[in-house]
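Observations on the model geometry
Next come the chains, spelled out residue by residue.
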Amino acid sequence: GHDVQLRVRVAPLGNRFMLVLATDRTEELRLAGVRRDFVANISHELKTPIGALQVLAEAIEAGAEEPERVRSFAQRMQVEADRLGRMTKELIDLSRIQADDPLDHAERFPIAQVVDVAVDRNRVLADAKRIRIMPRVLEEADVLGSEELVTMAVQNLISNAVQYSPEATHVGVGVRVVDDVVEVAITDKGVGIPADEQERVFERFYRIDPARSRVTGGTGLGLSIVKHVAASHGGEVSLWSRPGQGSTFTLRLPAAAAPAHKETP
Ligand code: ADP
């Protein structure tokens, strides 16, 4: 619905006119709502692993469990603690991206290097599932901004591709440059994403299958980080997917213009 609220200020102007200032507060109120939802989301998301840790610790403390069960409880506690740790790190990343503008202190870096590092950081995860990551850089280009954040974004997309794919499949990482835009396309042959979920997966904490995601350790923050990194670099992220066939996430970032300081022979 429409929640329009006008803030009206009346100021005297000379002795014959009044100046009436009306401010539309719709956007302000919307942002306040977004912040409220965010805090509610975080509290909810943190409560689940904390609650699990409490229950498991209590059961162990009560001392009535078989050693075998105690061990399995301790393992579950490790999983939950890992998840809490990851969630905390990702929340900090997200608030850092939102707090400062990476273009303010931009560096120039080759996208091929970003892909190399991002692929490397997923190697262990991919090897464990015998998944082959296949980078293919068709054109070289530089990007302006934060190399660390762009690497984090590409890394997140690759780790999702691996995470949501069956064993022994391929994940493609293609780079090309189209009209001064660098495109990094990450393609998997995994479970895919139904059409009516494709927009929602970019929302904070949104997971299609929370139960399954809990097993894989997902937090639902990865894609919202990617979206923020893209936007803060003047780019975007888009998604093509068909359930049962796979997904392609494409990150598009403006290519940096050729360096001006290059000397001509
Ligand atoms: P998560 O930490 O759960 O992976 P993300 O924000 O990275 O969080 O992704 C949100 C949800 O989108 C995931 O829980 C998953 O359901 C879905 N998803 C993301 N990437 C893929 C993919 N490559 N294939 C299928 N589903 C995906």
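The structure we're discussing is the one just above.
Numbers given for residues are sequential positions, taken from 1 along each chain in its written order. Selection of residues for local features in this predicted model requires a pLDDT of at least 70, selection of side-chain atom pairs for listing and counting requires 80 or more, and totals for whole chains, interfaces and linings are taken over all residues. Hydrogens and water are ignored here; the side-chain numbers use all heavy atoms of the structure.

Now for the site of the ligand. To be near a molecule or strand, a residue needs just one of its heavy atoms within 4 Å of it. Near the ligand there are 20 residues, and of these Asn160, Tyr164, Asp188, Thr219 and Leu223 occur at the shortest range. Backbone polar atom of Gly222 to an oxygen atom of the ligand: 3.3 Å apart, as the coordinates give it. Note that an oxygen atom of the ligand is positioned 2.8 Å from one of the backbone N or O atoms of Leu223. Note on areas: these come from Shrake-Rupley sampling with a 1.4 Å probe, and a residue is covered only by the protein chains present in the view. In the complex, the protein chains occlude 95% of the 530 Å² of accessible area that the ligand would expose alone. Contacts described as polar in this section are N or O atom pairs within 3.5 Å, which, within protein, must combine one atom able to donate a hydrogen with one able to accept it, while residues neighboring in sequence count only if both atoms come from side chains.

The next point concerns the pattern of salt bridges. Between Lys or Arg on one side and Asp or Glu on the other, a salt bridge is scored when a side-chain nitrogen of the former is within 4 Å of a carboxyl oxygen of the latter. Here the structure, examined in full by the defined rule, presents 10 salt bridges. Among the ionic pairs, Arg130 bridges to Glu167, the shortest N-O distance being 3.2 Å. You can see Arg130 sitting in the loop between α4 (123–128) and β4 (132–137) and its partner Glu167 sitting in the loop between α5 (147–163) and β6 (170–178), a full 37 residues away along the chain. When salt bridges with common partners are traced through the structure, they connect Arg176, Glu183, Glu236 and Arg252 into a single cluster. Each helix is a run of H or I in the DSSP string that is no shorter than four residues. Each strand is a run of E no shorter than two, and both are numbered from the N terminus.

Here we take up α5. A helix is expected to span 1.5 Å multiplied by its residue count minus one. Taking 1.5 Å per residue as the helical rise, α5 with its 17 residues ought to reach 24 Å, and the 24 Å between its terminal C-alpha atoms agrees with that figure. The buried label applies to any residue whose accessible area, calculated with a 1.4 Å probe on protein chains only, is under 20% of its type's maximum; exposed applies above 50%, and partly exposed to all values in between. Within α5, 15 of the 17 residues are buried, which leaves the element mostly enclosed by the surrounding structure.

Now for unusual backbone geometry. For Ala168, which is not a glycine, the phi torsion comes out positive at approximately 60°. Mapped onto the secondary structure, Ala168 falls in the loop between α5 and β6. Positive phi, close to 70°, is recorded for Phe205, a residue that is not glycine. For Phe205, the location among the structural elements is in the loop between β7 (181–188) and α6 (210–216). For Phe205, a relative accessible area of 7% gives the class buried.

What follows is about the pairing of strand β9 (residues 246–254). Residues in a regular strand project their side chains so that they alternate between the two faces of the sheet. Along β9, 7 of the 9 residues are buried, which leaves the element largely enclosed by surrounding structure. At least two DSSP bridges between two strands are needed for those strands to be called paired. In this structure, β7 lies alongside β9, joined through 8 bridges in antiparallel fashion. Across the sheet, Val181 pairs through a bridge with Pro254, a residue of β9. Relative to β9, strand β8 (residues 236–242) is paired through 7 bridges, and the arrangement is antiparallel. Residue pairing for β9: Val237 is matched across the bridge by Leu251.

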